[in-house]
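Given next are the chains, with one letter for each unit.
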Amino acid sequence: SQQGEEDPQALSIQEGENATMNCSYKTSINNLQWYRQNSGRGLVHLILIRSNEREKHSGRLRVTLDTSKKSSSLLITASRAADTASYFCATAPRSGGYQKVTFGTGTKLQVIP
Amino acid sequence: DTEVTQTPKHLVMGMTNKKSLKCEQHMGHRAMYWYKQKAKKPPELMFVYSYEKLSINESVPSRFSPECPNSSLLNLHLHALQPEDSALYLCASSQDRRAPARQETQYFGPGTRLLVL
């Protein structure tokens, strides 16, 4: 399996519900980031969590990081139709430099109005 | 200005054509990236330029040739491509490592959708 796998692959929820997606990775990392991609467009940076952090919040987003399990989760609270997009985690290895980012397989989120 | 622009938005080319993709940013970023993204797949890193010098080449075939003429511009020259090279090509930029926090954040352009016939 590749560095950065996410589950579920697809998630469909009603507007107002919470959405949780998970990311697992293999190597030691400096940080983990989450990006959003609307269909066929560029990626938008959501949040970055460093390897010495366990939890981070930004608006309706909550990210956790468990380096012992090499996993992270992204929680979107009170979802909106505009949150419909694909969500990718991205890791930068501790060795190899921060520029060598690897993206996870992605979770496709659909929020139904 | 936090925008990365890419031209063209769409490109159709034959296997014998030569074309170029262009990317521009005016955020003062000194690292610029090319990614390739196939449908329903994550972006895959192709090249990284740091201070206008090629720092990472992820074993990309020579039919893809990157160029960084200055700190704001990044080109990807295409020649003798194959149909399997059809994909969305994304450009991104980030600050250099000596900048304060958030230097790892990458800012992406909207991409060029390439179709090779």
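Up top is the structure.
The shown structure was predicted, so the numbers you read here are calculated from the model rather than taken from an experiment.

1. Some thoughts on the overall build of chain A
Consideration 1: Scanning chain A from terminus to terminus reveals 0 helices and 11 strands.
Consideration 2: Put simply, chain A runs from its N terminus to its C terminus through helices and strands in the order β-β-β-β-β-β-β-β-β-β-β.
Consideration 3: Projected onto its principal axes, the C-alpha coordinates of chain A cover approximately 45 × 30 × 20 Å.
Consideration 4: Classification of the 113 residues of chain A by burial places 46% in the buried group.
Consideration 5: Pairs at least 24 apart in sequence give 55% of the contacts found in chain A among residues at least 6 apart.
Consideration 6: On chain A, roughly 5300 Å² of surface is accessible, and the fraction owed to carbon and sulfur atoms is 45%.

2. Considerations on the sheet that holds strand S8 (residues 73-79) of chain B
Residue and element names in this part refer to chain B.
Consideration 1: With antiparallel pairing, 4 strands are arranged side by side in an open sheet as S1-S3-S8-S7. The strands lining the two open edges of the sheet, one partner per strand, are strand S1 (4-7) and strand S7 (64-70). Between one strand axis and the next, the sheet turns by 20° as a mean value, whatever way the strands run.
Consideration 2: Relative to strand S3 (residues 18-25), S1 runs antiparallel, the two sharing 4 bridges. If you follow valine 4 over to S3, its bridge partner there is glutamine 25.

3. Thoughts on the interface of chain B and chain A
Consideration 1: Facing 29 residues of chain B, the contacting portion of chain A comprises 19 residues.
Consideration 2: In this assembly, chain B packs against chain A so that about 1900 Å² is buried in total across both faces, 53% of it on carbon and sulfur atoms.
Consideration 3: At the junction of chain B and chain A, the tally comes to 1 salt bridge.
Consideration 4: Notably, a salt bridge pairs glutamate 58 of chain B with lysine 100 of chain A, separated by 3.1 Å at the nearest N-O pair.
Consideration 5: Scanning the region where chain B abuts chain A turns up 3 residue pairs in polar contact (both at pLDDT 80 or more).
Consideration 6: Broken down by class, the residue content of the side of chain B that touches chain A amounts to 13 nonpolar, 9 polar and 7 charged.

4. Overview of the sheet that holds strand S3 (residues 19-24) of chain A
All names here are of chain A.
Consideration 1: The 5 strands lie next to each other as S1-S3-S8-S7-S6, forming an open sheet whose pairing is antiparallel. Only two strands of the sheet have a single neighbouring strand rather than two, namely strand S1 (5-7) and strand S6 (55-58). When the angles between neighbouring strand axes are averaged without regard to direction, this sheet yields 15°.
Consideration 2: As defined by bridge partners, S1 adjoins S3 across 3 bridges and the pair is classed as antiparallel. Looking across to S3, one finds that aspartate 7 is bridged to asparagine 22.

Parameters and conventions
- Residues numbered from 1 in each chain as written.
- Chains lettered and ligands numbered in written order.
- Predicted model: local features only at pLDDT ≥ 70, side-chain atom pairs only at ≥ 80, totals over all residues.
- Heavy atoms only, no water.
- Helix = DSSP H or I, 4+ residues; strand = E, 2+ residues; numbered from the N terminus.
- Buried < 20%, exposed > 50% of the residue type's maximum accessible area, 1.4 Å probe, protein only.
- Contact = heavy atoms within 4.5 Å.
- Areas by Shrake-Rupley, 256 points an atom, 1.4 Å probe, with all protein chains shown as cover.
- Pairing = 2+ DSSP bridges.
- Axes fitted to C-alpha atoms, helices over the stretch in contact; angles between N-to-C directions.
- Buried area = accessible area lost by both parts, 1.4 Å probe.
- Salt bridge = Lys/Arg side-chain N within 4 Å of Asp/Glu carboxyl O.
- Polar contact = N/O pair within 3.5 Å; in protein donor to acceptor, adjacent residues only side chain to side chain.
- Nonpolar A, V, L, I, M, F, W, Y, C, P; charged D, E, K, R; others polar.

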